[in-house]
Every structure is written in C-alpha cells, then in structure tokens.
Amino acid sequence: MDYTAAKDALMQNYEAYTEQDQLIWQMLYERQQKVLPGRAAQAYFDGIKKVGFKPNEIPRFEEVNEQLKAATGWSLTVVPGLIDNKPFFEFLENKQFPATTWLRKMEQLDYLEEPDMFHDVFGHVPILTNHDFCAFLKALSGMTLKHIGNDDAIEFVSRLYWYTVEFGLINDADGLRIYGAGILSSPGESVYSVESDIPQRVPYDVKEIMHTPYIKDRFQEKYFVIDSYRQLFESVAEIEATLENMLVTA
Ligand code: HBI
Ligand code: FE
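Residues numbered from 1 in each chain as written. Chains lettered and ligands numbered in written order. Predicted model: local features only at pLDDT ≥ 70, side-chain atom pairs only at ≥ 80, totals over all residues. Heavy atoms only, no water.

Asks: Would you explain the pattern of salt bridges in this entry?
Replies: One side chain can pair with another of opposite charge once the charged atoms of both are near each other. Scanning the model with the defined rule gives 13 salt bridges in all. Between Arg230 and Asp132 there is a salt bridge, and its shortest N-O distance comes to 3.1 Å. Within this pair, whereas Arg230 is found in helix α11 (residues 229-234), its partner Asp132 is found in helix α6 (residues 131-145), the two being separated by 98 residues in sequence. Arg230 sits in the partly exposed class, given a relative accessible area of 37%. Across the salt bridge formed by Arg159 and Glu155, the nearest N and O atoms sit 2.9 Å from each other. Note that Arg159 and Glu155 are positioned in helix α7 (residues 151-166) at a spacing of four residues, about one turn of the helix. Judged by relative accessible area, which is 13%, Arg159 ranks as buried. Because the salt bridges share partners, they merge into one network encompassing Asp132, Arg230 and Glu234. (Salt bridge = Lys/Arg side-chain N within 4 Å of Asp/Glu carboxyl O. Helix = DSSP H or I, 4+ residues; strand = E, 2+ residues; numbered from the N terminus. Buried < 20%, exposed > 50% of the residue type's maximum accessible area, 1.4 Å probe, protein only.)

Put into structure tokens, the structure is as follows:
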C-alpha cells in the first residue's frame, strides 16, 4: 500500500478504546516499569517525563504531538500497521514517526508479529525528544530515500535501523543501557539484553552491522553498543559510503 502523508492521514479514535484496551496498556506499562529502571537509557527516562505518559491511560496522540513538537519538532502520524519502505522513510525524513493506534490482545501480551501501539508509542516515542537521535533518524532516512529503489540498499539500511533504533544499546553515564524500542517494549529482552552472558555485545560498527542479518522472532544474539547518539548522527556519511561500496560489490 502506497502512503503519502497528506492523502492518507488517519486519526487516533480515542473513544473507540475499550476498557480492555486501557487495561492492556496498563498491564504492559506496569510490567515495563518493573524492569526498565537501571536498564533503560537516561534519554528514555527524560523523554517519558517530557511526553507525560501515564501507566493507567492510553496516551492521546494530540497531547503527545504537542510535547514532541515542542521538544524536537517531531510528531506521530497514524498508520494502520507496517507500511512500505518508501513512505516509511519519507515520514521519518519529514520528522513524522509512523505509529499504529491499535493495541495487542490479552493473548498476545508476550509476543506479537507486528508492532502495535505499545511498541510504537511506549518504545519509540520517548527517545524522539532527544535532538541527536532525531537528527540521526532524519539523516538516515534522507540518505535512504536516495537509494529507495535498490532492494539490496534497503536490506543494508534495515539492518542498521534494526541494530540501533530497534535493538540498540548505549554506554550511558551510569553504565550499559537500552535505547532500542524493540527491547524497551519487551520485558524479557529488557533484562536479557543487558544482563545475560549469552549474547555478544560489540562496539557500534557500521560495516559489521551491515553484514549482520537480523533475526525477527527471538532475542538477538548480538547487540551493538554506541557511546552517544551523536555518534549515530556522525556515522551517516560512513553508512552512505559503506552502502555505495557494498552495492558495487553486491
Ligand atoms: N512500517 N509502520 C511501520 N513501522 C515500522 O517500524 C516499519 C515500517 N515499515 C518498514 C520498516 N519498519 C522496516 O523495514 C525498517 O527497517 C525500515
Ligand atoms: Fe519499531
């Protein structure tokens, strides 16, 4: 399905949320509140405060957007689910983060195929109050759109996106911490990613990431650790150069 920002802008229908939806949000939120202190990055906690999430209330996108816009100029745009790469990166390049508004069902509490609102909003939104992270996301997307027609390029960029935005770790001031949304919205992986001795944890390395296919439906075997969000932004030139190099040889 081809999305353009204007034509297909959907809205969050807050009144349509049921008691069950509000309960699911609360259960997921309180479960993460137990595991994230001491494990999530400082930028995440700073962001949670700025966007004002509440454990017992599904966030209203208009309110979240007010806070996000004030902080970094970003905002959420409603999508029904996974969208094609081109509109996805066009939204990001335009400082709009595509987010679903539906919540998983009780039986999907522990795992669901596609990202739901809890993943998109609880996992991704708080760090969108961090300037350097947002600058990275915008730069990465602008660069990607230049190669959008090349499937190999998109696969390499998707790995980069996966091992940072979704499953990234950071050497924070007070130790190894999580900033990737895929981990932050998962109770098991929030503990495993920073405490288990099973996975490898290696310094952020563009070339190595782009040669590391990712696994979708189980905990990661390898995590890449950055020293700062600025490091991500400053690596975009290297990502593009590596990409162009790999495309020649792919
Ligand atoms: N669409 N809504 C949505 N959310 C995503 O995270 C998403 C997507 N489409 C493509 C995609 N992610 C991945 O291919 C990224 O690596 C680009
Ligand atoms: Fe995500």
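From this point on, the discussion continues.
Asks: Help me understand the nonpolar core in this model?
Replies: The nonpolar side chains of a soluble globular protein tend to be buried, and buried together. Among the nonpolar cores identified, the biggest contains 77 residues, and Trp25, Leu76, Val121, Phe133, Tyr179, Tyr229 and Ile239 are the most heavily contacted of them. Looking at this core element by element, the count peaks at eight residues for α7. Every residue in contact with Val121, bar those within four places of it in the chain, is listed here: Trp25, Phe53, Pro59, Phe61, Leu76, Ala99 and Pro126. (Core = buried A, V, L, I, M, F, W, Y, C linked by side-chain atoms within 4.5 Å. Contact = heavy atoms within 4.5 Å.)

Asks: Please clarify how the coordination of the iron ion (ligand 2) should be interpreted in this entry.
Replies: His119 (NE2), His124 (NE2), Glu166 (OE) and Glu166 (OE) make up the full set of protein donors to the iron ion (ligand 2), lying at 2.0 to 2.8 Å. One way to put it: the four donor atoms around the iron ion (ligand 2) meet at angles of 51 to 132°, and that makes the site irregular. For the iron ion (ligand 2), the single-chain donor residues occur in sequence as H-x4-H-x41-E. Placement of the pair is His119 in helix α5 (residues 117-124) and Glu166 in helix α7, with a sequence separation of 47 residues. (Donors = N, O, S within 2.8 Å, 3.2 Å for Na, K, Ca; no water. Tetrahedral: all angles 85-135°; square planar, octahedral: opposite > 155°, others 65-115°.)

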